[in-house]
Amino acid sequence: MSTAGTSRKLIVVGIIVIIIIGIVAAYFLLMPPGKKKPRINIYYNAGNAARERIATILASEWGKLGFEVVVQAQEWPVYLDTIMDPEAFDVYIIGWAPDYVDPDNYATPMAYGGTQFSTLKTYEVASASDVANYLSDAKVFEVEDDWYVVVGPKGTGATVDIPAGKKILVVQYEVDEEATLPVGESVPWIHINPAMYRNTTLDALIVAGVRDLNTIHRKAIYQAVQQITNFQVPIIWLAQFMMVHGQWTWVHGWYYHPVKPVRFDLLWEDADAPNVKIGDLGGGVAGTPTMSYYNNESIIGIATIGWPESFDGAFTYETFGWELLWLIGDQVVTYWKEETEYVDKDLAVAWAATPDAMTYYFVIRGDVKAYNRWVSQIQEEFGTTTAELYNISALDVLFSIWRVGWLEGDPSWMVNAYIDINGSKVLNETEFDNLLQTTPLVAEYKGVTKDVHNLSELLEFFGSEGTPTAGVLELKLTTPYPAILAILSDAFLSVVPMKYVFDAAGWDYEAALADIQYGKNIAALANYINKSLGEEEFSHRLLHKYPIATGPFYVYDYVENQHIILKKNPYYWNATLYTENPNYGTIDYVIYVIYDETAPRLSLYKAGGVDFCYVPAENIPDVNNTVYPDTNYKIIIRVDPNLLTYDIAYIVLNTYKFPFNITLVRQALTWAVPFETIYSEVYNNLTVPLYGVIPKGMLGYTEKNIIKYTYNITKAQELIEKSGIFKTTTTATLSIPLVPVPIAVLPIIVRTKKE
């Protein structure tokens, strides 16, 4: 065939293609607006059955609103890139579990739009007419307890209609336009919330909630936040999970905290609890002899799934790891059992802060020892000599906090966002007493506040007079933060003795003390702790494998992915607690056995081989009310709608994109969600409605002036019609994650540890 002939044929084909493209383009351009369907592509991970089912339900219902809905899978690495790219994603389903007890752990990561403020202040005013002295314009939120929250830009002349006798909180702001990153240049989860939603009023409230340390003010502020996130629905708030608790009835003393695990040394069992074989365990890292262990009145047995990410608090960021650290470690402060409002004493016997809340001082108790059961293993692996016991002091507390922040592992954001690790230091008692006499501090304990002028006065205020002490931690903050005590109570900040790390590494501890000026120049630790090595850094290698114990239990032995044996700590500083309640301290072992397959795990549970067990929701009817032979003991799995976790599920809408940038569309999509169907068919009736960013039970939760969305397809269709979106054609994407929660950051870096 000639070259010329070939060229002519190619030209003809090209002309035909151009004609076809033109016809198709003309069809879509001339097609009546009412017939154009914006498309929503739904991406999901086939391994996440719950979210796959939700995506299928949404596809069906949102199709009734005129959308073309396509369902398609997406692998996790691709998905992670997608949700961090506002040009790539449109909608996805996700979950959130709190890191600590405070509404900011929800409002900032999920609702803050990235607005920066040059000034932001809160004022209580006596009457509505006073608002004109502070604001040039105002938005008003009526919340609970006769409070009104009024938000607006700094200026004068704003008028508001608020009845006489009401309590009024004014939030005044000035936006820093230069410092505020444009929405189009913002990255979700880093500079802005995952929905790419910016609302200056909402942002001002969220920042005010962090800066205003008054609990009454914060409650009113977060209720206003709740109202905005409910009405604007940049995120469709799907569900809050109930606490599902199951156990054999021979166990007593169980209690529930929505964030902290239960302490097993505060539980006890009936003396005639059955003696049932758990399995042949041991022979692990500690080299204990393999032997038969039996579940009885002195052992708590748990059958579960998975494996902790690490025994090192600087790197573990999941539920299992934090539960273990909660049992073997101690923190600066703690929450006692069910308490969620006020922290209690733990390693700190007293504390106080400067009036601006920028510096905290913690007096550390002096009778705490850390137990090292790994002396021979460390000698064998590293060729170094460690002691069995280490005294804990304020320097060890600072070392532990500094190390978490310095190594920049997953949980480090909670340290680095709020604490100046290199600016913090250690004082002795005399130095602190002298400081108090010249610079009075403010002490607050269980809701009572007092100005203190000397160390004796501070210790007396906390009921700690006569308690031996081991120095004072001066903790510098980068910004006042109301939840700093809640963060310091988290298990990842369990205290590790600095000398244990240095002995195991073979480093000169005394030389290091001189280098850091005995705690006055903690930044010099960077000469020893080399964060550039990542997970190969020595202190991590040590603590990942050989955790040290200051808590009620210690790690006796473990075999990875098979079992973990905890044993009662003979050197636990708070063992006197057990004399106050003879039921406490009766558990000698806590044994975790790992069964990722459901059948053998449930079989062991139903046989009485463990006291607690992870039971999938679909298996609850089969397991519940199992009776132990020839006794009255049985398994009771309790589901109580009034006993809620703070774990939530929600649907993120990309408000940076059409049509999710239209409030009416977002509301329509919310009305088109069959919540009750999802609750029953997907979540097995183990959830309750979630109306905004604040879960029920958290400070700031409210149902006042809240829309309680239910399935109403007619209302949804009316709102879509009102929005007029079918005059424009576009494509949208709905993505479903392959793993529970995304890696996330904001100053704000946030990454959740559990689904």
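These notes cover the structure that comes with them. (Residues numbered from 1 in each chain as written. Predicted model: local features only at pLDDT ≥ 70, side-chain atom pairs only at ≥ 80, totals over all residues. Heavy atoms only, no water.)

Concerning the nonpolar core
Phe-264, Phe-362 and Leu-488 are the most contacted members of the largest nonpolar core, which has 212 residues in total. Broken down by element, this core gets its largest block of residues, 10 residues, from helix α9 (residues 394–407). Sequence-distant contacts of Leu-488, defined by excluding residues within four places in its chain, comprise Gln-331, Val-332, Val-333, Phe-362, Ile-401, Ile-419, Leu-475 and Leu-493. Grouped together as the second largest cluster of nonpolar side chains are 38 residues, Ile-42, Phe-67, Ala-672 and Val-682 included. (Core = buried A, V, L, I, M, F, W, Y, C linked by side-chain atoms within 4.5 Å. Buried < 20%, exposed > 50% of the residue type's maximum accessible area, 1.4 Å probe, protein only. Helix = DSSP H or I, 4+ residues; strand = E, 2+ residues; numbered from the N terminus. Contact = heavy atoms within 4.5 Å.)

A short note on helix α6 (residues 215–232)
Counted at 1.5 Å a residue, the expected span for α6 with its 18 residues is 26 Å, and the 26 Å between its end C-alpha atoms agrees. Within α6, 14 of the 18 residues are buried, leaving the element largely enclosed by the surrounding structure. The opening residue of α6 is Asn-214, an N-cap whose side-chain oxygen sits 2.8 Å from the backbone nitrogen of Ile-216. Directly after α6, the chain includes Val-233, whose backbone phi takes a positive value near 35 degrees. (Expected span 1.5 Å × (residues − 1). Polar contact = N/O pair within 3.5 Å; in protein donor to acceptor, adjacent residues only side chain to side chain.)

Overview of the sheet that holds strand β24 (residues 553–559)
Hydrogen bonding along the main chain pairs the strands of a sheet, whether they run parallel or antiparallel. The mixed open sheet is built from five strands, whose spatial order is β24-β25-β26-β13-β27. Edge positions in the open sheet fall to β24 and β27 (612–613), since each of these has one partner strand only. Bridge analysis of strand β25 (residues 563–568) against strand β26 (residues 589–594) gives five bridges, and the strand direction is antiparallel. The residue bridging Leu-566 from the neighbouring strand is Val-590, located in β26. (Pairing = 2+ DSSP bridges.)

Overview of the pattern of salt bridges
Applying the stated rule across the entire model yields 21 salt bridges. Taking the shortest distance from any N to any O, the salt bridge between Arg-365 and Asp-367 comes out at 3.9 Å. Among the salt bridges present, the one from Asp-503 reaches Lys-499, with a minimum N-O distance of 3.0 Å. Of this pair, Asp-503 and Lys-499 both sit in helix α14 (residues 498–505), four residues apart, which is roughly one turn of the helix. On the basis of relative accessible area, Lys-499 is assigned to the partly exposed category, the value being 32%. (Salt bridge = Lys/Arg side-chain N within 4 Å of Asp/Glu carboxyl O.)

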